[in-house]
Amino acid sequence: MKELVVCKSCGYVMDKGKLKDKCPACGVPAKLFEPFTDKVSPRRRFLLALDLHPIMAHFPQAFTAAISILGLVLLAMGGTHRHLAATITVLGAALPLVVALTFLAGLIDGKIRFRRVTTPILKTKMTVGALFLLFSCGILAVVLARDPLDRAWQLTVLSLAIPAFICSSLLGLLGVRMLNSEFPG
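What you see is a predicted model, and the numbers here were worked out from it, not measured in a lab.

How each quantity is defined
Residues numbered from 1 in each chain as written. Predicted model: local features only at pLDDT ≥ 70, side-chain atom pairs only at ≥ 80, totals over all residues. Heavy atoms only, no water. Helix = DSSP H or I, 4+ residues; strand = E, 2+ residues; numbered from the N terminus. Expected span 1.5 Å × (residues − 1). Bend = angle between axes of the 7 residues up to and from the residue. Buried < 20%, exposed > 50% of the residue type's maximum accessible area, 1.4 Å probe, protein only. Salt bridge = Lys/Arg side-chain N within 4 Å of Asp/Glu carboxyl O. Pairing = 2+ DSSP bridges. Axes fitted to C-alpha atoms, helices over the stretch in contact; angles between N-to-C directions. 1 Å grid on protein atoms, 1.4 Å probe; cavity = no way out; pocket = protein on both sides within 12 Å on 5 of 7 lines; lining within 4 Å. Points joined across faces, edges and corners; volume = space filled by probe spheres on them. Nonpolar A, V, L, I, M, F, W, Y, C, P; charged D, E, K, R; others polar. Parallel < 35°, antiparallel > 145°, perpendicular 65-115°, else oblique. Left-handed = near helix turned anticlockwise from the far one by under 90°. Contact = heavy atoms within 4.5 Å.

Turning next to helix 4 (residues 82–114). Spanning 33 residues, helix 4 covers 47 Å between terminal C-alpha atoms, matching the ideal 48 Å at 1.5 Å per step. The largest bend in helix 4 is about 35 degrees, located at Leu95, with the proline Pro96 one to four residues further on. The positive-phi residue at the C-terminal boundary of helix 4 is Arg115, with phi of around 65 degrees.

The next subject is unusual backbone geometry. Phi at Asp51 is positive, roughly 55 degrees, even though this residue is not glycine. Of note, Asp51 is situated in the loop between helix 1 (42–49) and helix 2 (52–56). At Arg115, a position not held by glycine, the phi torsion is positive, near 65 degrees. Exposure remark for Arg115: the relative accessible area of 45% places this residue in the partly exposed category.

Take the pattern of salt bridges next. Here the structure, examined in full by the defined rule, presents four salt bridges. Asp38 serves as the salt-bridge partner of Arg45, at 2.7 Å between the closest nitrogen and oxygen. What makes Arg45 partly exposed here is its relative accessible area of 26%. On the accessibility criterion, Asp38 (22% relative accessible area) is partly exposed. With a shortest N-O distance of 3.1 Å, Asp109 and Arg113 are connected by a salt bridge. Here Arg113 and Asp109 lie together in helix 4, a separation of four residues that amounts to about one turn. Using a relative accessible area of 14% as the deciding quantity, one classes Asp109 as buried.

Judged by pairing direction, the sheet is antiparallel, and its three strands sit side by side in the order 2-1-3 without closing on themselves. Single-partner strands in this sheet number two, and they are strand 2 (13–15) and strand 3 (33–36). The sheet shows a mean angle of 40 degrees between the axes of neighbouring strands, direction not considered. Two elements, strand 1 (residues 4–7) and strand 2, share three bridges in a ladder whose sense is antiparallel. Residue pairing across strands places Val5 opposite Met14, the latter belonging to strand 2.

Counted as a void, the largest pocket has a volume near 570 Å³. In this structure, the largest pocket is lined by 28 residues; those nearest its centre are His53, Ala57, Lys125, Leu171 and Gly175. Elements represented by at least two residues in the lining of the largest pocket include exactly helix 2, helix 3 (58–76), helix 4, helix 5 (120–145) and helix 6 (151–178). Sorting elements by how many residues they give to the lining of the largest pocket places helix 4 first, with nine residues. Counted as a void, the second largest pocket has a volume near 470 Å³. Forming the boundary of the second largest pocket are 17 residues, of which Val13, Arg45, Leu179, Asn180 and Glu182 lie nearest the centre. If you list the elements that add at least two residues to the lining of the second largest pocket, you get strand 1 and helix 1. By residue number, the principal contributor to the lining of the second largest pocket is helix 1, which donates three residues. Tallied by class, the residues present in the lining of the second largest pocket amount to nine nonpolar, two polar and six charged.

Attention now moves to the packing of helix 4 against helix 6. Two packed helices can be described by the angle between their axes and the distance between those axes. Following both chains from N to C, one finds helix 4 and helix 6 inclined at 25 degrees, their axes separated by 12 Å at the closest point. As far as their axial angle goes, helix 6 and helix 4 are roughly parallel. Our pair here, helix 4 against helix 6, has a crossing hand that is left-handed. The residues of helix 6 that touch helix 4, namely those facing Ala85, Ile88, Thr89, Arg113 and Phe114, are Trp153, Val157 and Met178. Classifying every residue of the contact of helix 4 with helix 6 by side-chain character gives six nonpolar, one polar and one charged.

Printed below as a string of structure tokens:
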């Protein structure tokens, strides 16, 4: 088993054998490290270290940001740029699946991290995530039902994409607060 150390300054945990003259995270001298005992089992640590949910969360954030920005650009260009509309359509069609997979990954991550998914922040994340999924399904319904060069289509997609992006951002902010939290064992 590796011998771990933790930086007393910033909390960075690393293998003692890889510690050089300073903390790779914050740069303080190596003398500020102390022994660290991981309270999480190796199997759970491995699963948490995969960071599946945090990585997956970037996709719906990027999709909603792109749909919002491209929607604004499309409107500014007079709404007639077919390639922009097609890109919005593809992203909008894929968004509900990406949100649903990220939601599922979040449930799995919560179960691994806290052994339950009913913690106060996770409940809030599930509520915001459900709202995010509704907005993304709304975008899907619009992109499949109407002509993308129609101004009403563009305004409707934009009016759904912006609150979807806000939901995605809120989820990210809540997630960052929890990233280094986990039950021992």
